[in-house]
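# Observations on the model geometry
The chain contents come next:
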Amino acid sequence: MAAVRVIAAANSAATSSAFLYRGQVCLKQRHQSLSFGLRKVVQKRLFSCRALYKPEEIQIKQEGQPETLDYRVFFLDHSGKRVSPWHDIPLHLGDGVFNFVVEIPKESSAKMEVATDEQFTPIKQDTKKGKLRYYPYNINWNYGLLPQTWEDPSFANSEVEGAFGDNDPVDVVEIGESQAKMGQILKVKPLAALAMIDEGELDWKIVAISLDDPRASLVNDVDDVEKHFPGTLTAIRDWFRDYKIPDGKPANKFGLGNKPASKDYALKVITETNESWSKLVKRTIPAGELSLL
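Conventions adopted
Along every chain, residues carry numbers that run from 1 in the direction the sequence is written. For a predicted model such as this one, the threshold for reporting local features is a pLDDT of at least 70, and the threshold for listing and counting side-chain atom pairs is 80 or more; totals across whole chains, interfaces and linings nevertheless cover every residue. To get the side-chain values, take all heavy atoms of the structure and skip hydrogens and water. UniProt positions are given in the numbering used here, feature names are shortened, and annotations may be inferred rather than shown by experiment. Counting from the N terminus, the helices are the DSSP runs of H or I reaching at least four residues and the strands are the DSSP runs of E reaching at least two. In a helix, the anticipated span is given by 1.5 Å times the number of residues less one. Working definition: a ring pair exists when centres of Phe, Tyr or Trp rings (six-membered ring for Trp) sit within 6.5 Å. Plane angles under 30 degrees give stacked, over 60 give edge-to-face, the rest tilted. Think of it in three bands: with a 1.4 Å probe and only protein chains considered, a residue is buried below 20% of the maximum accessible area for its type, exposed above 50%, and partly exposed in between. Definition used: whenever NZ (Lys) or CZ (Arg) falls within 6 Å of the ring centre and also within 35 degrees of the ring normal, the charge is taken to sit over that ring. Think of it this way: DSSP has to see at least two bridges between two strands before they count as a pair. Salt bridges are identified by distance alone: a Lys or Arg side-chain nitrogen within 4 Å of an Asp or Glu carboxyl oxygen. Space inside and on the surface of the protein is sampled on a 1 Å grid over the protein atoms alone, with a cavity defined as a set of points where a 1.4 Å probe fits but cannot get out and a pocket as an open set with protein on both sides within 12 Å along at least 5 of 7 lines; lining residues have an atom within 4 Å of a point. Grid points are joined across faces, edges and corners, and a volume is the space filled by probe spheres set on the points. Each residue is assigned to one class: nonpolar for Ala, Val, Leu, Ile, Met, Phe, Trp, Tyr, Cys and Pro, charged for Asp, Glu, Lys and Arg, and polar for all the others, Gly among them. By definition, residues are in contact when any of their heavy atoms lie within 4.5 Å.

The protein chain carries the name inorganic diphosphatase in an unreviewed UniProt entry, which gives Dillenia turbinata as its organism. For the record of the protein chain, the UniProt heading Catalytic activity (unreviewed entry) holds the text "diphosphate + H2O = 2 phosphate + H(+)". The UniProt entry for the protein chain carries the following text under Sequence similarities (unreviewed entry): "Belongs to the PPase family."

Below is the structure:
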């Protein structure tokens, strides 16, 4: 195992506990400040896991042919070793900015996803009854996951009809104008949250925008999205509500009054699911078939 590099240090009298996990230094904090270089960021109820692997060092390697059952997209560090896009890429970048791993580029229809039950959790195409899955029409936004998050299937969310988590990382819908590449890691800021309920399971959709997008500085909360991207939030909700209907399934539902929640609520979701992930990797919650490698 490579030597651990401590990237974040606690600068408060608050009590904290640290543990090592796969070459990472993980620190659980409450009401304490962290130093990132010369900047100090105050965090509340934050589980921060500063991964050894920096996003700019990550490369991707395709194995197998696209649109086959054997196709995988693996993530490699600078030395060529496999790492997990779910566990090894840090979630937090500070100042409300997060890493986002692209699974499905906008304007494509192959249903790609991180294989949470395979070692190093590569991206693969989802299957049903041994056949590759496709959306019935292209998705109009970059779609993927927030690393180091997990929707706990044993937790019933009282704010969203008591629905249990869907056992996956949190999904992101990135609304920027550029088409990203599969496996690309983007820096994004959350803007809103949609509480999708898929066959009784809570499947959060965090609406975000890449910091590289020309309009990123204009949008900082849910109302800004409607102002500068009119109709987008409704289009996202309707797309995810209806995409299973062509396969003969009922429409998905949405909690929270069928409306997108604010940026602050999105950050609350991210914090809670990051804490759930921390319990998973510490093995205080059974992992089942999920890979922690």
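Having seen it, we continue.
## Brief notes about helix H3 (residues 263-281)
Over its 19 residues, H3 runs 27 Å from end to end, which matches the ideal 27 Å to within 8%, given 1.5 Å per residue. Note on H3: the residue one or two positions beyond its end, Arg283, has a positive phi of about 65 degrees.

## Considerations on the packing of aromatic side chains
Aromatic ring pairs: the centre-centre distance and the angle between the two ring planes describe each pair. A complete count under the given rule lists eight aromatic pairs for this structure. When the centroid spacing of 5.9 Å and the interplanar angle of 50 degrees are considered together, the rings of Trp204 and Tyr265 count as tilted. With Trp204 in strand E23 (residues 201-210) and Tyr265 in helix H3, this pair connects stretches of sequence that are 61 residues apart. Taking the relative accessible area as the measure of exposure, Tyr265 reaches 17% and is therefore buried. Taking the centre distance of 5.4 Å and the plane angle of 20 degrees together, the rings of Trp239 and Tyr243 count as stacked. Overall, Trp239 belongs to the buried group, its relative accessible area being 7%. The rings of Tyr135, Tyr137, Tyr143, Trp239, Phe240 and Tyr243 are connected pair by pair, giving a single aromatic cluster. Sitting over the face of the ring of Phe229, Arg215 holds its NZ or CZ atom 3.9 Å from the ring centroid. Between the NZ or CZ atom of Lys268 and the centre of the ring of Tyr265, over which it lies, the distance is 4.8 Å.

## Focus on the pairing of strand E8 (residues 72-76)
Within E8, five of the five residues are buried, which leaves it mostly tucked inside the rest of the structure. Across the two faces of E8 the burial is the same, with Arg72, Phe74 and Leu76 and Val73 and Phe75 all buried. Two elements, strand E7 (residues 59-63) and E8, share five bridges in a ladder whose sense is antiparallel. Within E8, the residue paired with Gln59 across the bridge is Leu76.

## Observations regarding the pattern of salt bridges
Under the definition given, this model contains 17 salt bridges. Across the salt bridge formed by Glu159 and Lys268, the nearest N and O atoms sit 3.3 Å from each other. Residue Glu159 is found in the loop between strand E19 (156-157) and strand E20 (163-165), and its partner Lys268 is found in helix H3; the two are separated by 109 residues along the sequence. Since its relative accessible area comes to 41%, Glu159 is described here as partly exposed. Overall, the relative accessible area of 29% leaves Lys268 in the partly exposed class. Residue Asp198 is joined to Lys244 by a salt bridge in which the shortest nitrogen-to-oxygen separation is 2.8 Å.

## Description of unusual backbone geometry
Look at Asn167: it is not a glycine, yet its phi comes out positive at around 70 degrees. Within the fold, Asn167 resides in the loop between E20 and strand E21 (171-174). Residues other than glycine seldom take positive phi values, yet Leu256 does so here, at roughly 55 degrees. Looking at the element boundaries, Leu256 is found in the loop between strand E24 (253-254) and H3.

## Some thoughts on the layout of surface pockets
Of the voids in this model, the largest pocket is the one considered here, and its volume is about 720 Å³. Lining the largest pocket are 29 residues; nearest its centre among them are Lys111, Glu113, Asp126, Arg133 and Asp168. Elements with a minimum of two residues in the lining of the largest pocket: strand E11 (97-104), strand E13 (112-114), strand E18 (142-145), strand E22 (185-198) and E23. When grouped by side-chain class, the residues that make up the lining of the largest pocket number eleven nonpolar, one polar and 17 charged.

## Topic: the environment of Gln184
Relative to the helices and strands, Gln184 resides in the loop between E21 and E22. Exposure remark for Gln184: the relative accessible area of 32% places this residue in the partly exposed category. Linking Gln184 and Pro55, residues 129 residues apart in sequence, is a C-alpha distance of 9.2 Å. Those residues in contact with Gln184 that sit more than four places away from it in its chain are Phe100, Val101 and Val102.

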